[in-house]
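Letter by letter, the chains look like this.
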Amino acid sequence: MPDLAVEWLGRVPYAEALELQKKRVEARRTGVCGDVLLLLEHPPVITLGRSARPENLLTPVATLRERGVEVHEVARGGDVTWHGPGQLVGYLVLDLEARGERDVHAHLRRIEAILIHALAGLGVPTGRRVGMTGVFVEPSEPPRKIASIGVGLRGWVTCHGFALNVAHDPRGFVDIVPCGLHGVVMTSVREERGNADEASALLRKARDRVAESARRQLASASAIG
Amino acid sequence: MPREVNMPKLSDTMEEGTINVWRKSEGEAIERGDILVEIETDKADMEFEAYMSGTLAKILVRAGETVAVGTPIAVVRLPRDSDEDLTSFLAERGGQPVSAAAPVAAAPAAGAGQAAATSAPQPGRSGPSGPAPAVKSAAAPPPASAPASVAVPAAAITPTSKIPFFAPDPDRVRATPRARTLARERGVDLSEIGGTGPDGAVLVPDVERYLESLEEGESLLEGDVPITPVAARIADEMKIDVQRVKGTGPGGRITKRDLRAHLDALERGEGDREAGLFGDAIKLSQKRKALIRNMVKSKEEAPHFYIAMDVDVEPLRTLRERLKADGKGITYTHLILKACALALERFPDVNATFRDDKIVRFIQVNVAVAVDVQGELVAPVVKDCQGRSIEDLAKEADALIGRAREKKLSLNDYADGTFTISNLGMLGVDHFYAIITPPQSTVLSVSAMRRLPVAEGDQIRVGYRMDFGLACDHRVLDGAKAAEFLGEIRKLLESPADLLKNGEGA
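Calculation rules
- Residues numbered from 1 in each chain as written.
- Chains lettered and ligands numbered in written order.
- Predicted model: local features only at pLDDT ≥ 70, side-chain atom pairs only at ≥ 80, totals over all residues.
- Heavy atoms only, no water.
- Helix = DSSP H or I, 4+ residues; strand = E, 2+ residues; numbered from the N terminus.
- Pairing = 2+ DSSP bridges.
- Axes fitted to C-alpha atoms, helices over the stretch in contact; angles between N-to-C directions.
- pLDDT = per-residue confidence, 0-100.
- Contact = heavy atoms within 4.5 Å.
- Expected span 1.5 Å × (residues − 1).
- Buried < 20%, exposed > 50% of the residue type's maximum accessible area, 1.4 Å probe, protein only.
- Salt bridge = Lys/Arg side-chain N within 4 Å of Asp/Glu carboxyl O.
- Phe/Tyr/Trp six-rings, centres within 6.5 Å; stacked < 30°, edge-to-face > 60°.

Peer 1: Hey, could you run me through unusual backbone geometry in this one?
Peer 2: Among all residues except glycine, the phi angle is most often negative; among peptide bonds, the trans geometry is most common. All names here are of chain A. Look at the link from Glu138 to Pro139: it is a cis peptide, with omega at -15°. Relative to the helices and strands, Pro139 resides in the loop between β8 (132-137) and β9 (144-154). One non-glycine residue with positive phi stands out, namely Asn195, at about 60°. Within the secondary structure, Asn195 is located in the loop between α4 (189-192) and α5 (199-217).

Rendered as structure tokens:
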């Protein structure tokens, strides 16, 4: 089973991160490097996935740009989402074929498992919701979403991954209907823990938990099912 | 012969996919490896690559539309395809119900007339273009001097009715002895090849080119069943389930000959039955396949050792009777579940796994309860058992088992177990051991309650005993630790009052 390298890149502008990811995908495809998880933060940016509906962007693009929020269209599944400081973004570049796991849905479930385990370690109980890819706080009604997931495939090499809200500015999401899901509230690790943590320390803690959880999840096959 | 590109299957559970964006337009040249189209399923977006070079001749499913896995989404014209190849290929598919493809269908149809008008009779081709079935013997023999390089083997068969599909019989196909030998060696069905020799005889270069064309058109993502293009088309038109056909062609591909043998067998009423030793094959569910993979992996990687203890279950029996009388729905399963949860909490080294040359403890205590549902083994997981009351655990376990019986478990319901309880007691098993489910490192096997003569002081009387077995991964724990852990479970079950206390209890 191939090992997983984990790299922390710090705060990287969206376009730059995309370019970097593209290079890593190509390198993985040609076998130059192994599987990797890139962990990073973005400056404020709104991204539109391939199935984004325009009505889920609530503020005009020009207004957003004036406020320093970039808007990008990207080749990933899913609708619209926001990234910004305090949010832990993970780009997971895996060769599913090399792992003998040609199953993109299993890959999505695995990303959820990585985050659920990491969050348990941070004292935030979370789980999955049927029919809604992502990670949700358990129990919660209406659903409180803590992480968004969307992946891309080039051949059987994966890209994109997840965005875990650790201690982001909650106003980031006001300009959009996150993932096109009405009635879903976005939350964060900091909020769930009672807003007592210092943001940057919590982000580091979350980063380390996620890295550890990803290494574990990707070191051996998952359980039955 | 032009190729169809089908909606790829990106996951075991994927049934349909949506075309997001066509990156190439009709008429555009494509190279193997170019991104042809973006496909979306759930939250995954795939950049689907061309697995052959040629021209994107026709888009069958437009952006924004959703179709089932395996549905043709485009037609690619290979470099060797003539205009008439494309025309007849598209014409055959004319009546195919493809979503909203009508507007795009007009263009190639218009091109078809032009192609027929401009393409002079080509040397090396088997006969006149058009709907006439180009069965070799029926066609005008091509000039013997025909340059071999122009021949397009697979294109020689353009059936329009179902009968000629299987003509000619491969044994009757004209071929040189060397070509016949080569075909036999490589599993090639001669009737799939258009020969370029005298009277349409198949020559060695024809077989070689045919084999080459198979390689060239090889799909990376389409289905799992290897099949030759000719056989694929016939199977498609005749609605033959290729999953049930045994392939004997090059690389195990299903050939026309295999389809014929399959149909003959069906006609003789033999169904799927193979000759000799093997009876009917049972198709396995994805879940079963996953289970098999996991069990094999477990036995290969985890060195199992086993211990067992006889537990005096008289106190447990008394307690259970009392709870029953009180109308509490607490069963033996619940009591054992609670005992295991408590023991695991007290023995974090058992609630652990072996990874990367390290023993790693699980954060949660997640107990899987193996259940047989109409012959299918499922093990739903009661998660996060630490500090929970028995009523709470019982409620969740019952809900999970209920969902299991209704076959309504979600993936999450059986993911992330850290320990498993397997109970065959109700089936009268007196003693057994189970196989560990990776990445767990222990599994408890619970057997039937037995009435036994037991010594008490100097008296023999009837007592109640149950055998509890534990299979352990020796990488994670040793015999002494395992014995302590199983001893803890025994202690909890033999003085079960603690099990009813809330939370950790003591």
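Further notes follow.
Peer 1: When you look at the sheet that holds strand β4 (residues 70-73) of chain A in this model, what are you seeing that I'm missing?
Peer 2: Residues and elements named next belong to chain A. Across the sheet, which stays open at both edges, the three strands sit in the order β4-β3-β5 with mixed pairing between neighbours. Whereas interior strands pair on both sides, the edge strands pair on one side only; in this sheet they are β4 and β5 (80-83). For this sheet, the mean inter-axis angle between neighbouring strands, taken without regard to orientation, is 20°. Pairing of strand β3 (residues 45-48) with β4 involves four bridges; the strand directions are parallel. Among the inter-strand pairings, Val45 is bridged to a residue of β4, identified as Glu70.

Peer 1: So what exactly am I meant to see when it comes to the confidence of the model for chain B here?
Peer 2: The predicted structure's coordinates, where accompanied by low pLDDT, should not be read in detail. Residue and element names in this part refer to chain B. In this model, chain B carries a mean pLDDT of 78, and residues with pLDDT of at least 70 account for 79%. Per-residue pLDDT stays below 50 along residues 219-223; that stretch engages in 11 contacts with residues further than four places along the chain or on separate chains. Both confidence scores are given for the complex: pTM 0.46, ipTM 0.70.

Peer 1: So what exactly am I meant to see when it comes to α5(A) here?
Peer 2: In an α-helix, one turn spans 3.6 residues; hence positions three or four apart end up facing the same way. In a regular helix each residue adds 1.5 Å, so 19 residues correspond to 27 Å; α5(A) covers 26 Å between its end C-alpha atoms and thus fits that length. What α5(A) keeps buried is the set Leu202(A), Leu203(A), Ala206(A), Arg207(A), Val210(A), Ala211(A), Ser213(A), Ala214(A), Arg216(A) and Gln217(A).

Peer 1: How should I be thinking about the pattern of salt bridges in this particular structure?
Peer 2: If the charged atoms of two oppositely charged side chains come close together, the side chains can form a pair. Throughout the structure, instances matching the rule amount to 38 salt bridges over all chains. The closest approach of N and O atoms between Glu49(B) and Arg154(A), which form a salt bridge, is 3.2 Å. You can see Glu49(B) sitting in strand β5 (residues 44-49) and its partner Arg154(A) sitting in strand β9, one on each of two chains. Accessibility assignment for this pair places Glu49(B) and Arg154(A) in one class, buried. Salt bridges linked by common partners bring Glu26(A), Arg29(A), Arg154(A) and Glu49(B) together as one network.

Peer 1: How should I be thinking about the pairing of strand β7 (residues 126-129) of chain A in this particular structure?
Peer 2: For a regular strand, side-chain orientation follows a simple rule: the groups alternate between the two sheet faces. Residues and elements named next belong to chain A. Of the strand pairs in this sheet, β7 and β8 are connected by three bridges, and their pairing is antiparallel. Its bridge partner lying in β8, Thr126 is registered against Val137. Here β7 folds back onto β8, and the loop between the two strands holds two residues, one of which, Gly131, carries a positive phi near 80°.

Peer 1: How should the sheet that holds strand β15 (residues 381-382) of chain B be read in this particular structure?
Peer 2: Neighbouring strands of a sheet are bound in pairs by backbone hydrogen bonds; such pairs are parallel or else antiparallel. Residue and element names in this part refer to chain B. Read across the sheet, six strands follow the order β9-β18-β17-β16-β12-β15 without closing on themselves; strand pairing throughout is mixed. Looking at the sheet topology across the chains shown, the edges are occupied by β9 (304-312) and β15. Here β9 pairs with strand β18 (residues 459-473) via nine bridges, running antiparallel. When the bridges of β18 are listed, Met309 appears paired with Phe468.

Peer 1: Could you clarify how one ought to interpret the packing of aromatic side chains in this entry?
Peer 2: The geometry of an aromatic ring pair is captured by two quantities: the separation of the ring centres and the angle between the planes. Residue and element names in this part refer to chain B. For the structure on display, the rule yields four aromatic pairs over all chains. Plain terms: the ring middles of Phe347 and Phe485 are 5.8 Å apart, the flat faces sit at 75° to each other, and that makes the pair edge-to-face. Here Phe485 lies in helix α11 (residues 479-494) and Phe347 lies in the loop between α9 (332-346) and β10 (352-355), a separation of 138 residues in the sequence. For Phe485, a relative accessible area of 0% puts it in the buried group. Taking 5.9 Å as the distance between ring centres and 80° as the angle between the ring planes, the aromatic pair formed by Phe419 and Phe485 counts as edge-to-face. Taken together, the residues Phe419 in strand β16 (residues 419-423) and Phe485 in helix α11 connect sequence positions 66 residues apart.

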